[in-house]
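Summary of structural features
Chain residues, written in single-letter form:
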2 protein chains.
Amino acid sequence: MSRNIFVLFLFFLIGSLIADEGMWTYDNLPLKDLKEKYGFVPTKEWLDNVRLSSVRFMDGGSGSFVSPDGLILTNHHVAVGQLQKLSNAKRNYVKTGFYAKTKEEEIKCPDLEINILVDMKNVTDEILSVLKPDMTFEERLKAKKEKITEIENKAKKETGLEPEVVNLYHDGEFWLYLYKKYTDVRLVFAPERQAAYFGGDYDNFTYPRYDLDFALFRAYENGKPVKCKNYLKWNSNGIKEGDLVFVSGHPGSTDRLYTYNQLKYLRDYRYPYAIDFINHKLKVLEEFAQRGPEQARKALIYQFGLGNGLKAMTGEYKGLRDSILMNEKKKQEEELKNKVYSDEKLKKLYGDGWSIIDSALDLQIKNFKRLRYHSTGFSRLLGIALNIVRYVEEIEKPDKDRLEGYHESELDRLKFRLLSPAPIYKDLEEFNLADDLKQMKKNLDENDEFLKAFLGDNDPEKFAHYLISKTKLDNVDFRKKMLNGGKKAVKKSKDPLIKLALKIDPILRKEKEFYRNNIESRLRYGAEKIAKARFAIYGKSIYPDATFTLRLSYGTVKGYPYNGTIAPAYTTLYGLFDRALSFKGKREYSLPERFWQKKDSLDLSTPVNFVSTCDIIGGNSGSPVVNREGEIVGLIFDGNIESLYGRFLYDEKANRAVAVHTAYIIEALRKIYNADNIADELENR
Amino acid sequence: MSRNIFVLFLFFLIGSLIADEGMWTYDNLPLKDLKEKYGFVPTKEWLDNVRLSSVRFMDGGSGSFVSPDGLILTNHHVAVGQLQKLSNAKRNYVKTGFYAKTKEEEIKCPDLEINILVDMKNVTDEILSVLKPDMTFEERLKAKKEKITEIENKAKKETGLEPEVVNLYHDGEFWLYLYKKYTDVRLVFAPERQAAYFGGDYDNFTYPRYDLDFALFRAYENGKPVKCKNYLKWNSNGIKEGDLVFVSGHPGSTDRLYTYNQLKYLRDYRYPYAIDFINHKLKVLEEFAQRGPEQARKALIYQFGLGNGLKAMTGEYKGLRDSILMNEKKKQEEELKNKVYSDEKLKKLYGDGWSIIDSALDLQIKNFKRLRYHSTGFSRLLGIALNIVRYVEEIEKPDKDRLEGYHESELDRLKFRLLSPAPIYKDLEEFNLADDLKQMKKNLDENDEFLKAFLGDNDPEKFAHYLISKTKLDNVDFRKKMLNGGKKAVKKSKDPLIKLALKIDPILRKEKEFYRNNIESRLRYGAEKIAKARFAIYGKSIYPDATFTLRLSYGTVKGYPYNGTIAPAYTTLYGLFDRALSFKGKREYSLPERFWQKKDSLDLSTPVNFVSTCDIIGGNSGSPVVNREGEIVGLIFDGNIESLYGRFLYDEKANRAVAVHTAYIIEALRKIYNADNIADELENR
């Protein structure tokens, strides 16, 4: 009705002047804004409990402890990599789901590492203290990196915890984060992917949504479930529109502090290239999947990852080509530049930040194609071969001279990954490697030294077949033998992938060095200057770009304008069945049979998914949504299509985080899956 | 899932090269395309039955006969004007709905006229024969109009049918349409507006949708239900995705054949003005509605009309500002122009068509504000006064010298409207008139002759109060007396609105004449040239712009890309309850109580609304959706938000017509409203 036009207008345009923006570090929360806008001041206990309940999945993703017995809630799509690794031709947990009725039935994941941020310390001064004014770009970067390694090694030795020096604000601040890590993590429950990823790629990154995108793990230590002091109390009543909520998780990366020219570089180079590349890979993977159901099963996880990336990048790319977004970014940059240039001291110190970055971008553009195609590509086995070759070489060097990834403090994690018992599928490996070689041949100059070393005069398909069929690297014991055999054994090895890795490694190292000394060093020095200028002008009222480290976002449960109308704050089970029936016959929208069988026992008014203005991005998947009381009320699993611009700019009008409602998880566990014991554990009954 | 990206791609980009475009006249259907694309050739019987079952609502809107006893199906929002006129402070059928359990309970509508197109004849040559090469623009237009009147008068006299000479292709063709008319039309059934217009202005022009937007009337003749030879057989199974369907109805107007400069005129003048105007009117009407529930009831129908118009125009305006759309229009025009200019004969005959139109646009722009504000505005009573003043003057003249609207063949319809017993609300009249006067005073020059004649030195509010409180024109007998009293009685009348109308009429006539002689005459002569050029080049492969006359569209039941995902071909009752619950507490999404009471008896998988690629626009509301068998399977009630660009350009990718599924109407009648007798009549049980 017409009067609502005004209501609509008021609803979306009025409201607080403070936007619900920011992925804030726990040391620098916008407490003043929170108090002003929501009248809420979190206590130290509140913050400590939320932080210590927050879990980082090293596979990528977030989660949280939700019971005193180490139960961890995350998304199905965060768990799906492990589900795939635990599956085979006969038992496909991705498809059927999984339910451990007792603790004995919980299965250990082959290579899942989770982290909890237990301590954090600002080490900016310590790191910057090693820099001297007359250093070159290259020397500065080297000095920084050496100091970081030194701090990390020392921390690991002293605490036994997993150390990470985190670079915030693009070289503006450095913090030493210390993580408690668990590597014995067991699968407890996962629904069928059909229910978790209902709507498939179509509905991915959209809302209204109806997904049961959750899975449960349990952390073990010394063979026993971890007794958690910190976990989030479960609240099945969830949310109502207008509620203040928080998201604590590990957003992967944003580019909001990039310079305007960096965004132009993304728009004109990285995105068009990457989108083309993914489109190509998806096309060839589909060929592989079409060969049979087992091939389809193996390809699924790659297809999901690439399809997800493609949809995200397509939305982001659209943002980069949108004049409104780019003009806003330009305006923001010009405001900052004007402030810097109008202050003699700032101008002298930081005024050349932008041009230094521009000089790096020039080099990046000039070497774009070569840097892209000089890589080991999609083959996991070749990646393992290169890791082994490097490992045996690097560990003989003094720590400070080693390649990144091979420092003392990093070796545990490296070996945990390299020696994972997860299956590697040789047919898919061969297929991927052959395609990589074909692409390389097509895109690189025929005299390119990397191409010559890698492929030589061989035919891509035959060579890939030879390499993969002959290698023994799919055998974990063989990998172990190689790692332990050291440089000598590796050099002597007849394994064709090891031999190939030895051949291409020098070229890849050279490339890495070129990039580090000429591009990274400039990018980071320029960024450091801009970061310092920002601090000088805006203080700490800004938050750093996302870095896959723990952040807290806040916001309101709230609908938004969409499709010419408004999207509701939450959806219900009625909507799930509506969408399933509306697409009758299409498999992305087909529900597991048991949903139909149990339909009449369900309370269809149960909220399914909901949206809030919380500022999130990929990596936040699996993050808990927490209310004022510090209880968990939802589970982040996506952003809406409008949120994709959020990589560059947050717009509260339509940017929404999409979460699974806790009530849907309970309703599904109890009534669809007959998993009352798990629901009881969650609800603490 | 990622593989679907390709499916999505194929799904929307492949497909026939022939678009489902066009609102075709029944004399020139795209039979070749239909056969080629769908393998369907409608028989003469099929076409005759669909045409003769199609109903035009003179209030605006379409409908169809759906039983042999004269039952007419249309939209609730087409019926709502009559529902309002039949309501009062004590019985509000708009709110409560209406159900005549027996024929005796069916209520006659105060002023509803419906038409059925029974005959059509091309009279282009007859009309163009009166034109002479040396005529001025003004003379050409006058000669055309006189001939049209002559043809209409003659036809009315000879046939007793309602004649209308229809101008197609913007003066490219003229057809004499003859209508069978019914003025005894009775209300049979209407659901509550809450159910019919579920989602209100928010969901208006959007999809997915869940509206029960239907109402039923019955045509009577000589006090008895009309026995229909032609009506559409009801099919409750409705549609499935991919079905070929047709829409037969009366699209109001499109601007697809406008020149590029006409579109720019719309973009730069008409739309911004009109949108501002509607926004203003909605704001003041909301003030009125806030005074109390009875005022809200009275204002509702205006608010609905304006809100609906605002949303449509806002979408259309967005189209006009979209460079893709405008570039496409420019391209089309340049293609035509190039063809004209590269042919000496065409160039000489029609080459100046565009510049003639441009000269009219210049005048229109120059006189824009004056032409806009020299009007009687929103007051119905003042409109009636002006009609009476003109009527008594015009009927004394020879027919050919009369103002349009007062020719012999038009008088029945004029009197039917003028003498409608529908209530007129004086408080709302006064409110509207006062606002019109304020706007006029604000926007016109203080020496403007119309403003001086209309308002003089009076205070707008006081003057409006005086005029409306003193007039007797709300009394139908008084109106009748005035009409019958003739010129003398009117001149002597002391009724303040009659007196005012006498005062402003000369100025309004002068304005009308200025517009006709200087602007309309040019616009139409230029358009005639372009139309002839189009025929010369493209023949009759094109369809005319919509003219609120009968058209047939065709298309496929099909979803479309939306909101980053896809919209389904149809929705279900599950979705209705989902959306209602999702917006708990918001009144646009609150369902009538009986929906909740009857919920458990409903088959929630019943299809509710569906979309097809059929090309429609406002005026098509209430049109039947017909299948290959000529059965009715749905009821058009809206276009999606993407269809709003369709006023200028049809885009099959996302332009969709939204219809109520016949199954929902039956399910609602039987299970929610206990109206089995009506459902039985529809289903012919």
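Residues numbered from 1 in each chain as written. Chains lettered and ligands numbered in written order. Predicted model: local features only at pLDDT ≥ 70, side-chain atom pairs only at ≥ 80, totals over all residues. Heavy atoms only, no water.

If you look at the interface, chain A gives 61 residues, while chain B gives 60 residues. Carbon and sulfur atoms supply 56% of the area that chain A and chain B bury against each other, a total of about 4900 Å² over both sides. Applying the counting criterion to the chain A and chain B interface returns 25 residue pairs in polar contact (both at pLDDT 80 or more). Mapped onto the side of chain A that touches chain B, the elements with two or more residues apiece are helix H1 (4-13), helix H9 (200-203), helix H10 (260-289), helix H11 (293-320), strand E15 (565-567), strand E16 (570-572) and helix H23 (573-582) of chain A. Its residues assigned to classes, the side of chain A that touches chain B comprises 29 nonpolar, 16 polar and 16 charged. (Contact = heavy atoms within 4.5 Å. Buried area = accessible area lost by both parts, 1.4 Å probe. Polar contact = N/O pair within 3.5 Å; in protein donor to acceptor, adjacent residues only side chain to side chain. Helix = DSSP H or I, 4+ residues; strand = E, 2+ residues; numbered from the N terminus. Nonpolar A, V, L, I, M, F, W, Y, C, P; charged D, E, K, R; others polar.)

The next thing to look at is the relation of the copies chain A and chain B. Expressed as a screw transformation, the operator carrying chain A onto chain B has a rotation angle of 180° and an axial translation of 0.0 Å, and the superposed copies differ by an RMSD of 0.0 Å. One copy is carried onto the other by what is essentially a two-fold rotation axis. Of all interface residues in chain A, 98% are interface residues in chain B too; the two copies therefore contact each other through one and the same surface. (Least-squares fit on C-alpha atoms with pLDDT ≥ 70 in both.)

All names here are of chain A. When the domains of chain A are assigned, the result is domain 1 (3-113 + 183-256 + 544-682), domain 2 (116-181) and domain 3 (352-541). Here the C-alpha centre of domain 3 lies 23 Å away from the C-alpha centre of domain 2. Contact residues are listed per partner, giving 23 residues for domain 2 and 22 residues for domain 3. Regarding the contact of domain 2 and domain 3, the summed buried area is about 2100 Å², with carbon and sulfur atoms giving 53% of it. Contact with domain 3 buries area across many residues of domain 2, yet Phe 137, Leu 141 and Lys 145 alone supply 28% of it, more than any other trio. Inspection of the domain 2/domain 3 interface yields 7 salt bridges. Between Arg 140 and Glu 528 there is a salt bridge whose closest N-O contact spans 2.9 Å. Run the count over domain 2 and domain 3 and you get 11 residue pairs in polar contact (both at pLDDT 80 or more). (Domains from an automatic or database assignment. Salt bridge = Lys/Arg side-chain N within 4 Å of Asp/Glu carboxyl O.)

This part covers the packing of aromatic side chains. A complete count under the given rule lists 75 aromatic pairs over all chains for this structure. A centroid spacing of 5.8 Å and a plane angle of 50° characterise the contact between Phe 57 of chain A and Phe 217 of chain A, whose relative ring orientation is tilted. With Phe 57 of chain A in strand E1 (residues 54-57) and Phe 217 of chain A in strand E10 (residues 215-221), this pair connects stretches of sequence that are 160 residues apart. Each member of the pair, Phe 57 of chain A as well as Phe 217 of chain A, carries the same accessibility label: buried. Three or more aromatic residues joined by ring pairs make a cluster, and in this case those are Tyr 265, Tyr 269, Tyr 273, Phe 277, Tyr 302, Phe 368, Tyr 373 and Phe 378 of chain A. Taking the ring centre of Phe 304 of chain B as reference, the NZ or CZ of Arg 193 of chain B above it sits at 4.9 Å. (Phe/Tyr/Trp six-rings, centres within 6.5 Å; stacked < 30°, edge-to-face > 60°. Buried < 20%, exposed > 50% of the residue type's maximum accessible area, 1.4 Å probe, protein only. Lys NZ or Arg CZ within 6 Å of the ring centre and 35° of its normal.)

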